[in-house]
Amino acid sequence: MWMFKNLSRASLRYVNWSDRKLASRMHETALLVISKGSISRIKELLSLAATTVRQKLYVRVEHEELDALVPQVYLESSLLCPNLDVRVMLADRIPEHQGFIGEDRPGKMIIPEKKYKEVVLGGTFDRIHNGHKTLLSKAVLLGSQTLFCGVTDVEMIKKKTLWELISPVEDRINDVKEFVNDVSEGLSCDLFPLDDPFGKSITVPSIEAIVVSEETRKGGEAVNSRRRDNKLSTLIVEQIDLLKDEDLVLSEVKVSSSTRRREALGTLLQPPFRAPIQGRPYVIGFTGGIASGKSNIAKYLKSLTDFQVIDCDKLAHDTYTPGSKLCLRIGEAFEGVLDTTGAVDRKKLGAIVFSNPEHRLKLNNIVWPALMEIIEEKIDQCEKEFFVVEAAALIEAGWHKRMNELWTVIVSREEALRRICARDGVPEKDAEARLNAQIDNKKRVDASNVVFCSQWAYEETRAQVMRAVEAIMRAAELMEEDSGYVWDSNRFLALREELLQEKNEDKALEILTRLLSIDEETVDPLAWMDAKDLIVLLLQTITADKLLSQHQIFILNAVNQCSPSVVELLAAFFLQNNSSQKLISSGSLAVAIAFARRINEEECYEKIAVLLGPILHVSEVSQELLHQLASSKKSQHRFRIYEVVVSACRIKNLHPEMKPFFDYIMKDIATDDILSQLAIMDLLSSIAICGPQMCQLLTETGASTAVYNLLSSSKDSPDGGFLYPGCIKYFGHLCRVFPSQLSVYPKFLDALVDLISHFDRLDPSLRLIAFDTLGNVGHSGEAKVELEKIKGDIKMRQILAHFGVACVTGPVDLRARHLDALATLFGEPATKQNENISRRYFGWLGEPFPKLLFDVLQKPFDNMRLATLAALNSVLGYEFGKSTMFTIGGFTDWLVKNTTETQWETAQAKEKIVKNLLASDSMLIDGTLRDKLTAYFTPIKNDPQVGMASL
């Protein structure tokens, strides 16, 4: 996909899956064998399975610690391949499969000895997930004969979150039985509905143990209390820890059925009732009970460009016109409800029908058929793609089967009561009567294709609705794709105009939702720039603060599922708005972790690294990246994570959490892979230049020592030509920050002097590194003193003389780079302490050097002129620089003339020199020169006639 990478089941609806070719190359079912040799690769193998298996993955753990590894496999599966039905085998048999994951093939399983004959456990077991599988697996590994399992039913589930979405108990019992039989062998399953908290656990004498989680341990203790009351032996309580999987909405930290039910909100729970008809809007019935939030959702749907929404309550109200056929029929059926004008008195009618179900049915049989006729007319007249029929009694009227789909919103009964009392100011008794007059949530859910719940924050409800809208629009786009439809620049520009006409947050979110539904294959590649501009405009309209404070789930879904190019846009947007720190707020931390999980993608890792650098100290962020480092076998992946470390170092974000990253860096520098070592060298050089703290960290972690050893060994090694320059560059950066390190690593300085002494024999890249490094290590006055102290003034005279020659000889590009290095050498602001040593260094460049430097400015080479201007700006910061250059004939005339530079970059560079001189209090700048320098910024007055002639 273009925005989203994967299709949800809800988006498929009546269109063919566009990824059939990919699907045909994947295994429906596969087998992963984990042996002693592959235990360390569990994460890697599960990640591979996520991309090569479509439905079910069997795992054979051929290791003596099967019991301990089962929870680990299920936990990693939840993180790495959450869409797969992963099943760890608990018996030494090979299940049916179509292919293998990894290189290992089945050998011999070591099944731990069973501790008990009969064990018991209980639970809801709705939408069996890896937490359930861990619990059931524990029971299977403990029991040798019978597994008793109670599955909650009836009143036992009504306290559960979103209990209306729980599958029937018969289905859940069958799911448990199928799973246990699939992974085990020779174990009898006794499954039963639980109408109370205990079931057979307090009646069967032969049960020896009960399996619980930390959450249900008290339940296990209650079972033993009842068994003691029944004169039965107490059970040994075997506890497992639930798998961790944060849910921002329910605030749960376990892999739970309620989490899975929450994830089902806004998705297609059952197939649509009718297929779409060409030339007719896709009709969606939308219903919900009183105080369920139906009106707010309908209002949002109405704001979407492609949706038309009709409020049946308002429509019915409008049909109650005085003297109409409908009013007359109601008046005949219910005496006294018509006023003197012949209109229906709705309050009187409401009092009659709410108190008597028969009267309500009688009214419905009059009103509903009349309304449906009007609705059908409006559907036929609709020119939009989707037509939503909002009606409270839509299911009761039987209208939903005449729609393509039925969408329903629910809240708990307690929340509905609270809202009714607060909104209408009525006593709870009256609110109860209103609720009792409607069908319950369970019936609504059972009849619906899509369900929402407005129990929580408005942002969560909106996310559910947007999920459904994205899916249904995705279906529409695929239908257009089948007919050759393509998203081109005109379509994106039209959306831009639509936004500008109504530029607000809601409209921007609506258009973003539509973009999220686009299939990448339907987008014209040439339209990407227009699409990019549109996305940026949409994000700016909403603002970064609101995206992270009010629309976290929307952004989380986008980061998790969008294509890398869009993720790069999102990261860049948050960077531009300085939003890194906001990512670690309680509601947005999951967004930061989602970005971290996209770090290994070519198109977006650079922006993500810069975004995460300021928050690398946050434990959850660093742990996510360290988790990836631990499981990654590819150096490219690791280096992209290391870029986050560099980003943190650049902003001086030093903290204890960084040390484990350096442990991995040290492993990579010790590898035999020359390319990895080169990449590490470049990485360490980038860190070393970041400041004293970072250099100290490099020393403490042993990085400097490791590079020094490579420097010593690489010069004469076959690969030395690759590593040697990297080592030189690293110590150049290190010693620029810590000049005292020059004496600690003497071989580095010897190697640098040797390179500079033979610069004319070096290949261009090594020559560049030699003088760039000299510029770095001699940048400060302290470093210049240290260099002279170590090498003596004679050797330093020779080195600087070579530098002067290199700046004015050789290819133009090399000379320009050397002049840049010269600007660095004298780039430290002038002080009394560094004036004298810098004068000596400049003098050692050679007596003709200042004049040669000025001569370059008369040449027509823009890159050389730009580099020379940078060097002059550094040198003129010193008194010796001013006195030297001001005595060169023609220099001050050139300096005050504002027409010498015709290119923008060189003109800016010269202006910088003049401004710095004006800001100086040097006695060498007398009043006359200062006036001329001030006049430099006076615009030139052109002859009007010449100006017009030039047109």
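Residues numbered from 1 in each chain as written. Predicted model: local features only at pLDDT ≥ 70, side-chain atom pairs only at ≥ 80, totals over all residues. Heavy atoms only, no water.

Things to note about the overall build of the protein
Line of reasoning, step 1. For the protein, the count of helices and strands is 45 helices and 14 strands.
Line of reasoning, step 2. Expressed as lengths along the three principal axes of its C-alpha atoms, the size of the protein is roughly 115 × 85 × 50 Å.
Line of reasoning, step 3. Within the protein, buried positions represent 53% of all 951 residues.
Line of reasoning, step 4. Taken as a whole, the protein presents about 43300 Å² of accessible surface, with 51% of it coming from carbon and sulfur.
Line of reasoning, step 5. Between the averaged position of the 114 positive side-chain charges in the protein and that of its 129 negative side-chain charges there is a distance of 2 Å. (Helix = DSSP H or I, 4+ residues; strand = E, 2+ residues; numbered from the N terminus. Buried < 20%, exposed > 50% of the residue type's maximum accessible area, 1.4 Å probe, protein only. Areas by Shrake-Rupley, 256 points an atom, 1.4 Å probe, with all protein chains shown as cover. Lys, Arg positive; Asp, Glu negative; His and termini not counted. Charge placed at Lys NZ, Arg CZ, Asp CG, Glu CD.)

Observations regarding the sheet that holds strand S14 (residues 450-453)
Line of reasoning, step 1. Read from one edge to the other, the open sheet built from 5 strands follows the order S11-S12-S10-S13-S14, with strand pairing classed as parallel. Each edge of the sheet is formed by a strand with only one pairing partner; in this case those strands are strand S11 (307-311) and S14. With strand direction ignored, the average angle separating the axes of adjacent strands in the sheet is 20°.
Line of reasoning, step 2. Contacting S11 and strand S12 (386-390), helix H10 (residues 312-319) crosses the sheet at an angle of about 55° to S11. (Pairing = 2+ DSSP bridges. Axes fitted to C-alpha atoms, helices over the stretch in contact; angles between N-to-C directions. Contact = heavy atoms within 4.5 Å.)

Comments concerning the confidence of the model for the protein
Line of reasoning, step 1. For the protein, the average pLDDT comes to 86, and 92% of its residues sit at 70 or higher.
Line of reasoning, step 2. Of all the helices and strands in the protein, helix H45 (residues 944-950) carries the lowest mean pLDDT, 31, while strand S3 (residues 85-88) carries the highest, 97.
Line of reasoning, step 3. Throughout residues 1-24 the model reports pLDDT below 50, and contacts reaching past four residues in sequence, or to other chains, amount to 72 contacts. (pLDDT = per-residue confidence, 0-100.)

Concerning the nonpolar core
Line of reasoning, step 1. Within the largest apolar cluster, 187 residues are counted, with the highest numbers of intra-cluster contacts made by Leu-301, Leu-515, Phe-595, Phe-748, Phe-803, Phe-826 and Phe-891.
Line of reasoning, step 2. Here Phe-595 is in contact with Val-559, Val-567, Leu-570, Ala-571, Phe-574, Ile-608, Leu-611 and Leu-612, once residues within four sequence places are set aside.
Line of reasoning, step 3. Core analysis: the second largest hydrophobic core is formed by 52 residues, Leu-66, Leu-135, Leu-141 and Ala-209 among them. (Core = buried A, V, L, I, M, F, W, Y, C linked by side-chain atoms within 4.5 Å.)

What about helix H13 (residues 357-381)?
Line of reasoning, step 1. Here H13 contains 25 residues, and its C-alpha end-to-end distance of 35 Å stays within 8% of the 36 Å for a straight helix at 1.5 Å per residue.
Line of reasoning, step 2. If you check which residues of H13 are buried, you get Leu-363, Asn-364, Ile-366, Val-367, Trp-368, Leu-371, Met-372, Ile-375 and Ile-379. (Expected span 1.5 Å × (residues − 1).)

Some points on the packing of helix H27 (residues 635-650) against helix H29 (residues 674-688)
Describing two packed helices takes the angle between their axes plus the distance from one axis to the other.
Line of reasoning, step 1. Relative orientation of the contacting elements H27 and H29 amounts to 10°, with a least axis distance of 9 Å. Judged by the inter-axis angle, H27 sits roughly parallel to H29. Between H27, through Ser-635, Phe-639, Tyr-642, Glu-643, Val-645, Val-646, Cys-649 and Arg-650, and H29, the contact on the second element is made entirely by Ser-676, Ala-679, Ile-680, Leu-683, Ser-686 and Ile-687.
Line of reasoning, step 2. A class-by-class count of the residues in the contact of H27 with H29 yields 9 nonpolar, 3 polar and 2 charged. (Parallel < 35°, antiparallel > 145°, perpendicular 65-115°, else oblique. Nonpolar A, V, L, I, M, F, W, Y, C, P; charged D, E, K, R; others polar.)

Considerations on the packing of aromatic side chains
Line of reasoning, step 1. Per the counting criterion, the structure on display carries 25 aromatic pairs.
Line of reasoning, step 2. When the centroid spacing of 6.4 Å and the interplanar angle of 65° are considered together, the rings of Phe-286 and Phe-452 count as edge-to-face. With Phe-286 in strand S10 (residues 282-288) and Phe-452 in strand S14, this pair connects stretches of sequence that are 166 residues apart. When sorted by exposure, Phe-286 lands in the same class as Phe-452, which is buried.
Line of reasoning, step 3. Arranged with centres 6.2 Å apart and planes meeting at 85°, the rings of Phe-574 and Phe-595 form a pair that is edge-to-face. Of this pair, Phe-574 sits in helix H23 (residues 564-576) while Phe-595 sits in helix H24 (residues 589-596), and the two are 21 residues apart along the sequence.
Line of reasoning, step 4. Under the relative-accessibility criterion, Phe-574 is labelled buried at 0%.
Line of reasoning, step 5. In this structure Phe-595 comes out as buried when scored by relative accessible area, which is 0%.
Line of reasoning, step 6. Connected via pairs of aromatic rings, a cluster forms that spans Tyr-708, Tyr-730, Phe-731, Tyr-745 and Phe-748.
Line of reasoning, step 7. Here Lys-362 stacks its cationic end above the ring of Phe-334, 5.3 Å away from the centre of that ring.
Line of reasoning, step 8. Positioned above the aromatic ring of Tyr-664, the side-chain terminus of Lys-667 is 5.0 Å from the ring centre. (Phe/Tyr/Trp six-rings, centres within 6.5 Å; stacked < 30°, edge-to-face > 60°. Lys NZ or Arg CZ within 6 Å of the ring centre and 35° of its normal.)

Structural notes on the sheet that holds strand S4 (residues 99-101)
Line of reasoning, step 1. The 4 strands lie next to each other as S3-S2-S1-S4, forming an open sheet whose pairing is parallel. Of all the strands in the sheet, just S3 and S4 have a single pairing partner and so form its edges. Ignoring which end each strand starts from, the neighbouring axes of this sheet average 25° apart.
Line of reasoning, step 2. Of the pairings in the sheet, the one linking strand S1 (residues 27-34) to strand S2 (residues 53-61) comprises 7 bridges and is parallel in character. Opposite His-27, over in S2, you have Val-53 as the bridge partner.
Line of reasoning, step 3. Against the sheet, helix H4 (residues 66-80) contacts S1, S2 and S3, and its axis sits at roughly 175° relative to S3.

Side note on unusual backbone geometry
Line of reasoning, step 1. Located in the positive-phi region is Phe-125, a residue other than glycine, with phi close to 55°.
Line of reasoning, step 2. Along the polypeptide, Phe-125 turns up in the loop between strand S5 (116-123) and helix H5 (130-142).
Line of reasoning, step 3. The exposure class of Phe-125 is buried, given its relative accessible area of 1%.
Line of reasoning, step 4. At Lys-231, a residue that is not glycine, the phi angle is positive and equals roughly 65°.

Description of the packing of H10 against H13
Line of reasoning, step 1. Relative orientation of the contacting elements H10 and H13 amounts to 110°, with a least axis distance of 11 Å. Relative to H13, the element H10 is oriented roughly perpendicular. In the packing of H10 onto H13, the handedness of the crossing is right-handed. Counting all contacts with H10, which are made through Cys-312, Leu-315, Ala-316 and Thr-319, the residues of H13 involved are Leu-371, Ile-374, Ile-375 and Lys-378.
Line of reasoning, step 2. A per-class count over the contact of H10 with H13 returns 6 nonpolar, 1 polar and 1 charged. (Left-handed = near helix turned anticlockwise from the far one by under 90°.)

Let's talk about the environment of Val-86
Line of reasoning, step 1. Secondary-structure assignment places Val-86 in strand S3.
Line of reasoning, step 2. Overall, Val-86 belongs to the buried group, its relative accessible area being 0%.
Line of reasoning, step 3. Along the sequence, Val-86 and Leu-625 sit 539 residues apart, while their C-alpha atoms lie 25 Å from each other.
Line of reasoning, step 4. If sequence neighbours within four positions are ignored, Val-86 has contacts with Leu-57, Val-59, Val-73, Tyr-74, Ser-77, Cys-81, Asn-130 and Lys-133.

Section: the pattern of salt bridges
Line of reasoning, step 1. Evaluation of the coordinates by the stated rule reveals 45 salt bridges.
Line of reasoning, step 2. Its salt-bridge partner being Glu-64, residue Lys-36 comes within 3.7 Å of it at the nearest N-O pair. Pair noted here: Lys-36 is in the loop between S1 and helix H3 (42-52) and Glu-64 is in the loop between S2 and H4, with a separation of 28 residues, a long-range link.
Line of reasoning, step 3. Judged by relative accessible area, Glu-64 falls into the partly exposed class, the value being 43%. (Salt bridge = Lys/Arg side-chain N within 4 Å of Asp/Glu carboxyl O.)

Describing the state of the cysteines
Line of reasoning, step 1. Applying the stated criterion to the full structure yields 0 disulfides.
Line of reasoning, step 2. Lacking any disulfide linkage, Cys-327 is separated from the closest cysteine sulfur, that of Cys-312, by 17 Å.
Line of reasoning, step 3. The closest cysteine sulfur to the non-disulfide-bonded Cys-421 is located on Cys-453, 19 Å from its own sulfur.
Line of reasoning, step 4. For Cys-421, a relative accessible area of 23% puts it in the partly exposed group. (Disulfide = S-S within 2.5 Å.)

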